[in-house]
Amino acid sequence: MSRWSGLKSRLKGGFFLSSMGGITDGAFCASRGKGCIMVQLGAYLAEPPAYGLSIHRLPVLPSDRAACIDFFRNECSKVRSLLGDIYVCLNLATPKLEWGLEAAEYFYEAGGDIVELNFHGTYEPYYRIGKLRAMVLPENRSELFRWLDAFANIDKPVIAKFRARVIPDYSPIMDYIENLDLVGVHFNIRGVNGKPDYSFLEELKRKYPSEFILVSGYIWSVEAARKTFQLGADMIGIAEPTREDSSFIEKIVSEMK
């Protein structure tokens, strides 16, 4: 049995505010998270200032342990002061495994609940050196597996986030993940013409029915949410519409009931 069975049962069927780089800080999550069971901070970059990759399009975490813990504690406090008992998840991007593990440790120490490791984005300085979305490519996959192993072994809740259709077949990656005890796998299933890629989700759940799957990407209506749950999604994330409508998720949750 998974270490996270109880957590997954509490999360299942819920909505979450999905991360948006440079936007979803603690204050934003607190103001948009009503109706959610989880909100995602970030994406935040774990990178020492001297490393020199960042062009500061995305926020970089403090490299000092105490300062980073204080930062995370403050962000979590902003969320919970308005939303109460809600799961706070960190979307984390990093060019080096050891920096990511340190940042995750600081987040958990600060009272954060779940870390989502970002294998989804295309932040150019990281993507250029084979990180983020590039890690699913065959030439980088052994490193992806090493990272997944390391995060699965920290005895804390971890989610891996990917982008649908980056590679033709995610089976080699999902087969590997099946042998790890992660909380779940998050896929952005944003399709063409402003619609979710339902066929990707349907095939994923057909092959991996027991995996806890979180999805986001154009699931912006009650009808889309109902179909997504019917196809086997365990959680639904919403992001962009909350920028204009602070109660967007709350309205959908209310209508779903």
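Residues numbered from 1 in each chain as written. Predicted model: local features only at pLDDT ≥ 70, side-chain atom pairs only at ≥ 80, totals over all residues. Heavy atoms only, no water.

### Quick look at helix α3 (residues 65-83)
And then number 1: When the terminal C-alpha atoms of α3 are compared, their 27 Å separation across 19 residues agrees well with the 27 Å that a helix rising 1.5 Å per residue should span.
And then number 2: Every buried residue belonging to α3 is among C68, I69, F72, E75, C76, V79 and L83, and all of these are buried. Buried residues of α3, viewed axially, fall in a sector of 130°; they line one side. α3 presents S81 and L82 as exposed residues on the side facing more than 90 degrees away from its buried surface.
And then number 3: Looking at the packing, one finds that the buried side of α3 touches α2 (26-32), β2 (38-45), β3 (87-93) and α4 (97-109).
And then number 4: Where α3 begins, one side-chain oxygen reaches toward the backbone nitrogen of A66, 3.2 Å away; that side chain belongs to D64.
And then number 5: The positive-phi residue at the C-terminal boundary of α3 is G84, with phi of around 70°. (Helix = DSSP H or I, 4+ residues; strand = E, 2+ residues; numbered from the N terminus. Expected span 1.5 Å × (residues − 1). Buried < 20%, exposed > 50% of the residue type's maximum accessible area, 1.4 Å probe, protein only. Arc of directions from axis to C-beta. Contact = heavy atoms within 4.5 Å. Polar contact = N/O pair within 3.5 Å; in protein donor to acceptor, adjacent residues only side chain to side chain.)

### Considerations on the packing of α3 against α4
And then number 1: Put simply, α3 and α4 touch, their axes get as near as 8 Å, and they point 50° apart. By the angle between their axes, α3 is oblique relative to α4. Viewed along their axes, α3 and α4 form a crossing whose handedness is right-handed. Of the residues in α4, those touching α3 at R65, C68, I69, F72, R73 and C76 are A103, E105, Y106, F107 and E109.
And then number 2: When grouped by side-chain class, the residues that make up the contact of α3 with α4 number seven nonpolar, no polar and four charged. (Axes fitted to C-alpha atoms, helices over the stretch in contact; angles between N-to-C directions. Parallel < 35°, antiparallel > 145°, perpendicular 65-115°, else oblique. Left-handed = near helix turned anticlockwise from the far one by under 90°. Nonpolar A, V, L, I, M, F, W, Y, C, P; charged D, E, K, R; others polar.)

### Digging into the packing of aromatic side chains
And then number 1: As enumerated under the stated definition, the model contains 15 aromatic pairs in all.
And then number 2: Both rings, one in Y44 and one in F71, keep their centres 5.3 Å apart while their planes meet at 90°; by these two values the pair is edge-to-face. Linking Y44 in strand β2 with F71 in helix α3, this pair joins segments that are 27 residues apart in sequence.
And then number 3: With a relative accessible area of 6%, Y44 lands in the buried category. (Phe/Tyr/Trp six-rings, centres within 6.5 Å; stacked < 30°, edge-to-face > 60°.)

### Things to note about the sheet that holds strand β5 (residues 158-163)
And then number 1: The eight strands are arranged β1-β2-β3-β4-β5-β6-β7-β8 in a closed barrel whose pairing can be described as parallel. The mean angle between the axes of side-by-side strands here comes to 25°, regardless of whether they run parallel or antiparallel.
And then number 2: When strand β4 (residues 114-118) meets β5, the two strands line up parallel, connected through four bridges. Following the sheet pairing, L117 is matched in β5 by A160.
And then number 3: Taken strand by strand, α4 contacts β2, β3, β4 and β5, and its axis lies near 165° from that of β3.
And then number 4: Set on the sheet, helix α7 (residues 171-178) makes contact with β5, β6 (184-188) and β7 (213-216); between it and β6 the angle comes to about 155°. (Pairing = 2+ DSSP bridges.)

### What about the pairing of strand β1 (residues 14-17)?
And then number 1: Residues G14 and F16 point to one face of β1 and F15 and L17 to the other, with burial holding for every one of them.
And then number 2: In the sheet, β1 pairs with strand β8 (residues 235-238) via four bridges, with the strands oriented parallel. Across the sheet, G14 pairs through a bridge with M235, a residue of β8.
And then number 3: Relative to β2, β1 is paired through two bridges, and the arrangement is parallel. If you follow L17 over to β2, its bridge partner there is V39.

### Thoughts on the pattern of salt bridges
And then number 1: Counted by the stated rule, this structure contains 18 salt bridges.
And then number 2: Close ionic contact of E109 with R65 constitutes a salt bridge, the shortest N to O distance being 2.5 Å. In this pair, E109 sits in helix α4 while R65 sits in helix α3, placing the two residues 44 residues apart along the sequence.
And then number 3: Under the relative-accessibility criterion, E109 is labelled partly exposed at 42%. (Salt bridge = Lys/Arg side-chain N within 4 Å of Asp/Glu carboxyl O.)

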